[in-house]
Every structure is written in C-alpha cells, then in structure tokens.
Amino acid sequence: MPPLMVGFDLDMTLVDSRPGIAAAYRALTAMTGVHVDAELAVSRLGPPLRTEIAHWFPPERVEEAVVAYRELYPAYAITPTLPMPGAPDAIDAVHARGGRVMVVTSKIGRLAKLHLDHLGLAVDELAGDLFAEQKATALREHGATLYVGDHVADMTAAKTAGIAGVGVATGPCSRDELRVAGAHLVLDDLTEFPGALDRIIQLALKG
C-alpha cells in the first residue's frame, strides 16, 4: 500500500468560516461603499474569491476589492471561524494510521494557515489558491490517496487527480450533487470519517 495522504478542502469541510467571511464582506462594504450581500456570499463558498467579488464589483474594481478583502480578512475572519463537527478527529484518525494530511483550498495559503493555526488543526501540507481541476496538481504532487470536500468542484479535483473523492454534505452542495459529480462516498459530516476511514482507504486503493 502506498503511504496514506488524505487531502481535505478547507471552507465548510474542515472549518465553518461563514461567520468570519460574512464579517469580512461587511467590512469590505463599509470600506468601499459597494454593497455585498454577505449572507448570500457565504451561502455559496467554494469558488475562488474573485468569482464572488465579481458579482458585486465592476470588472475594473475586482482586483482592488480582492486586495482590500484580503487585507481585512485576518482582523475579521479568523476568530469567528469554528472547526466543522468531527474535523479534529478526522485529522487525528489519519495520523493514527501513520498517514499524512494536506489541505488544498481555493483560499490563498497565508490566510488558510491563519485558520489552521488558530484552530490547532495539525496538517502536514498546505496548498492554496487552487480550485477544481487546479487542485489536482497539488494532490498529485503530494501523492494524495483521496480528497475530501463539500463542493462538486472538489469531486472534480479528485477525479482529475485520479483518486477517490469523498463528499461531505456540509457545504452548498447536496448529497446527490456530490454523487453526480463523482463522489465515491458521501458522508453527512466529518464525524462519520474516522469510523469509515478503513473502508474509504480500501475504496481508494481499488480506484
């Protein structure tokens, strides 16, 4: 068996960042005078920041808004963010089997690391600013065995990397949407992950 390396998405897979991200969007509105519906924005987390910003700002102001949001983020988004149910135990379950854990996320790495450090989530590798098929590059580079995520794009990432995708129905995508996108298995949340991990590993090895 190859070394076990489990990849996880971040937002709405390992962490519930909705309260913090909403606060950062409200601060962005206050700074720029451009209204962002923070609750709507956090209901569809997953795609890159620029995708969401482009819903609210004219094209010529998107990059300016991205920079401003990222400057605001550490002050507004880190403290309110909580681990998703079962996230620490899911990571511990991988390490208990001699495996390693990586996070692959569309969030830029330095902001993702702030979340992981604040919540004490001990991951071995981190790759940021990647979405959908782009995530496959990092998954392949680190020899990921499987990838766990809440979004259909995460299942696309796993499929592109040639590894098993495990869906968690804790984000904007339903169980059916995750299955249609190629999930080999869909869990209600990460509390089910440790108990299912050995079965998941066998599933991943069968390809």
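Check the entry above for the structure.
Residues numbered from 1 in each chain as written. Predicted model: local features only at pLDDT ≥ 70, side-chain atom pairs only at ≥ 80, totals over all residues. Heavy atoms only, no water.

Visitor: Residues and numbers for the packing of helix α1 (residues 18-32) against helix α4 (residues 62-77), please.
Guide: At their nearest, the axes of α1 and α4 sit 8 Å apart, and the two run at 130 degrees to each other. Taken as axis vectors, α1 and α4 run oblique relative to one another. The hand of the α1/α4 crossing is right-handed. Counted together, G20, I21, A23, A24, Y25, A27, L28 and M31 of α1 and A65, A68, Y69, L72, Y73, Y76 and A77 of α4 form the full contact between these two elements. Of the residues assigned to the contact of α1 with α4, the class counts are 14 nonpolar, 1 polar and no charged. (Axes fitted to C-alpha atoms, helices over the stretch in contact; angles between N-to-C directions. Helix = DSSP H or I, 4+ residues; strand = E, 2+ residues; numbered from the N terminus. Parallel < 35°, antiparallel > 145°, perpendicular 65-115°, else oblique. Left-handed = near helix turned anticlockwise from the far one by under 90°. Contact = heavy atoms within 4.5 Å. Nonpolar A, V, L, I, M, F, W, Y, C, P; charged D, E, K, R; others polar.)

Visitor: Outline the nonpolar core, listing residues and values.
Guide: F8, L14, V148, L190 and F193 are the most contacted members of the largest nonpolar core, which totals 30 residues. Among the elements that make up this core, the one with the highest residue count is helix α10 (residues 193-206) (6 residues). Residue contacts for F8: discarding those within four places in its chain leaves T13, L14, A90, V94, V101, M102, V103, V104, Y147, V148, L190 and F193. M12, I21, V66 and I108 belong to the second largest nonpolar core, which has 28 residues in total. (Core = buried A, V, L, I, M, F, W, Y, C linked by side-chain atoms within 4.5 Å. Buried < 20%, exposed > 50% of the residue type's maximum accessible area, 1.4 Å probe, protein only.)

Visitor: So what's going on with the pairing of strand β6 (residues 146-149)? Which residues, and what values?
Guide: The side-chain alternation of β6 yields two buried faces, one formed by L146 and V148 and the other by Y147 and G149. Inspection of the sheet shows strand β1 (residues 5-8) paired to β6 by 3 bridges, in the parallel sense. Bridge pairing links V6 to L146 in β6. With 4 bridges joining them, β6 and strand β7 (residues 164-168) adopt parallel strand pairing. Note on β7: the bridge partner recorded for G149 is G167. The handedness of the β6 to β7 crossover, carried by helix α8 (residues 152-161), is right-handed. (Pairing = 2+ DSSP bridges. Right-handed = clockwise from strand over helix to strand, strands pointing away.)

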